[in-house]
Amino acid sequence: MKKKLTRMEASLNLQDGPITYEKKWYASIPFWKQLLVCSSVWTMFFMTGMLVGAPTVFIPQIKAEINSTYKIEDETISWLYSVYGISAVPWVFIVPTISQIFGRRLLFIIAGFNTMLVFAVLFFSTTTKQILISEIMQGYFQSCNLSLCIIIVSEYAAPRYRGMFLTLKTASFCWGFWTSNAIGTFFHWKFIPVAGMIICLHTFTSFIWPESPQWLASRGRFEECVVAFRWLNGYNTKSESELKQLIESQRVYLKERKQKSFTILEYVSIEFYKPLFIMLVLLTQYFFTGKFVSSIYILDIVKKITGSERTAYTGMLVLDGVTVLGVYCGCFLTRIINRRTMYLASSSIGLIILFIIALYLYLVKLMFIVENKILTVLLLTCLAVVMNSGPMALTTTFCGEIIPLKYKGSMFMLVSGVYMSYSTLVLKTAPQVFKALGLHGTFLMYGIVTAVCTTILYYCLPETKDKTLQQIEEEASSKRLLKENDGQFTEH
């Protein structure tokens, strides 16, 4: 029996002929609906920040407990900081694959339940082994943050909101990190999972979402795509043009897939490996700006520099606060400045600050100058603001925008795997790196890596501000074809 179309579905002719439009009034509040979806993603990142930041405060508390049965060795501490990265490795391959088959919404709902369970296990933990179990359980939703959540924001948000929404998810992570550290500074650490379970309830608004229009179109479910797209974007000339472009491009792609099988050659084409290369460079810079490690080991770093535990806790809260400020600055600036310009400018300024910190710490070590606690915290604060307004905030934004739709599953699988590998490697080896190179040598290494990555990105990072995902993909393809044609012309 032929399916009866709704009024919204009937307004588009979705058969094999050309797409035709019927002008009609369509009641919608697109911004608030997109905000509803993206705020659930922000909540997931907020809770991730809470869990990643929790070891920073619960480890000192456990160590300080009188008559404690906990005997935490350095090896155990490093695992508490980094084990979630290893537990996420299988999921970084599973989640993108399943999301291509079953869609985005279902997996996000499962992630919400998983997060609630993680907080519950953490709350009832009484030994470090039980805490480790709760961290191992984080693997699923941590991998969702790296692939599924970025895909959701990039596909559900309109181009004019997408950059801001993707940046705000980074701010949410930083807020979660700061909240966790603030709770642990003034209260017992078990208030962290209590707050997390309450906040987690917001993620269940995903039950009322539609499925992703891009995913529906990629599966040939065009009628459902129309309904979902209009629920999110309303009914106006601009959105209808974007909808028409999306459906027609996926029709062409699906017809091509029927005519020829998908071969391994498509994975060695420039259309695949160029965005992959860009994302690998972005991730390398993300982890080697010094900000990521500084956030996790901030207490140890400040305590080692200043020799004061009180200053270390004060510095931790100050740096966490300005981290959020930096992300919001980046969010505001991306509304008025091109994303590529913003990224490269902030990276260049951050590079200078990294070299200044390295030189300052080296001179302190040689006793040429006297270490100043205020100056130390000020330099780290400047680094936090600059790096979080650029590389830390915009890396996932670019990752969500430059991947072609047909490669989303496989490419996010690879990128997520690299992210978790970097995360585990950097956090697990950080204490040894600090010991081997010293703090001055560590920041010098970060500066050199940042300089190399920034130089590479200057030549290959595209501009994505206010462009639809389809436009970004078509521009990349047109530039590739232009270069190929120029090469053929030169040969002749």
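Since the structure is predicted, the reported quantities are computational estimates derived from the model, not experimental observations. The residue numbers shown here count from 1 along each chain, following its written sequence. For this predicted model, a pLDDT threshold of at least 70 governs which residues receive local features, and a threshold of 80 or more governs which side-chain atom pairs are given and counted, while totals over whole chains, interfaces and linings are taken from all residues. Note: side-chain values were computed over all heavy atoms of the structure, leaving out hydrogens and water.

Engineer: Help me understand a nonpolar patch on the surface in this model?
Structural biologist: Think of a patch as exposed residues, more than 30% relative accessible area, with no salt bridge, where like charges cluster within 9 Å and nonpolar side chains (Val, Leu, Ile, Met, Phe, Trp, Tyr) cluster within 5 Å. In this description, accessible areas are obtained by the Shrake-Rupley approach with a 1.4 Å probe, and a residue is regarded as covered only by the protein chains that are shown. When a carboxyl oxygen of Asp or Glu lies within 4 Å of a side-chain nitrogen of Lys or Arg, that pair is called a salt bridge. Together, V89, W91, F93 and I94 line one region of the surface with nonpolar side chains, adding up to about 310 Å² of accessible area. For the purposes of this entry, the term helix denotes a DSSP run of H or I that reaches at least four residues, the term strand denotes a run of E that reaches at least two, and both are numbered from the N terminus. Tracing the chain through its elements places F93 in helix 3 (residues 74–102).

Engineer: For this particular structure, what's the right way to read the packing of helix 18 (residues 373–389) against helix 19 (residues 391–402)?
Structural biologist: Here an angle of 0 to 180 degrees is reported between the N-to-C directions of two axes, which are lines fitted to C-alpha atoms, with helices fitted over the stretch in contact. Where helix 18 meets helix 19, the axes come as close as 4 Å, and the angle between the chain directions of the two elements is 15°. Here helix 19 runs roughly parallel to helix 18, going by the angle between their axes. Residues V386, M387, N388 and S389 of helix 18 form the contact with helix 19, whose own contacting residues are P391, M392, A393 and L394. Gly is put with the polar residues, along with every residue not named as nonpolar or charged; the nonpolar set is Ala, Val, Leu, Ile, Met, Phe, Trp, Tyr, Cys and Pro, and the charged set is Asp, Glu, Lys and Arg. Of the residues in the contact of helix 18 with helix 19, the class split is six nonpolar, two polar and no charged. We call two directions roughly parallel when the angle between them is under 35 degrees, roughly antiparallel when it is over 145, roughly perpendicular when it lies between 65 and 115, and oblique otherwise. For this analysis, residues touch if any pair of their heavy atoms sits within 4.5 Å.

Engineer: In this structure, what is going on with helix 8 (residues 159–186)? I would like to understand it.
Structural biologist: Every α-helix carries 3.6 residues per turn, so stepping three or four residues along brings you back to the same face. The span expected for a helix works out to 1.5 Å for each residue beyond the first. For helix 8, built from 28 residues, the straight-helix expectation of 40 Å at 1.5 Å per residue is met to within 8% by its first-to-last C-alpha distance of 41 Å. Relative accessibility thresholds used throughout: buried, under 20% of the residue-type maximum; exposed, over 50%; partly exposed, between the two (1.4 Å probe, protein chains only). Where burial is concerned, most of helix 8 is hidden: 22 out of the 28 residues are buried.

Engineer: I tried to follow the packing of aromatic side chains on my own but got confused; where do I start?
Structural biologist: Describing an aromatic ring pair means giving the distance of the ring centres and the angle of the ring planes. To pair, rings of Phe, Tyr and Trp, with the six-membered ring standing in for Trp, must have centres within 6.5 Å; the planes then decide the type, stacked if under 30 degrees apart, edge-to-face if over 60, and tilted in the middle. Under the definition given, this model contains 22 aromatic pairs. Look at W175 and W178: their rings are 5.8 Å apart centre to centre, the planes differ by 90°, and that puts the pair in the edge-to-face class. Here W175 pairs with W178, and both are found in helix 8, just three residues apart, close to one helical turn. Accessibility expressed as a relative area gives 34% for W175, which makes it partly exposed. Centroid distance F204 to F207: 6.4 Å. Interplanar angle 35°. Geometry classified as tilted. Through successive ring pairs, a cluster of aromatic residues spans Y286, F287, F288, Y422, F443 and Y446. Over the aromatic face of F45 sits the side chain of K169, whose NZ or CZ is 5.0 Å from the ring centroid. In this analysis the charged atom, NZ for Lys or CZ for Arg, is taken to sit over a ring once it is within 6 Å of the ring centre and within 35 degrees of the ring normal. Over the aromatic face of F123 sits the side chain of K190, whose NZ or CZ is 5.8 Å from the ring centroid.

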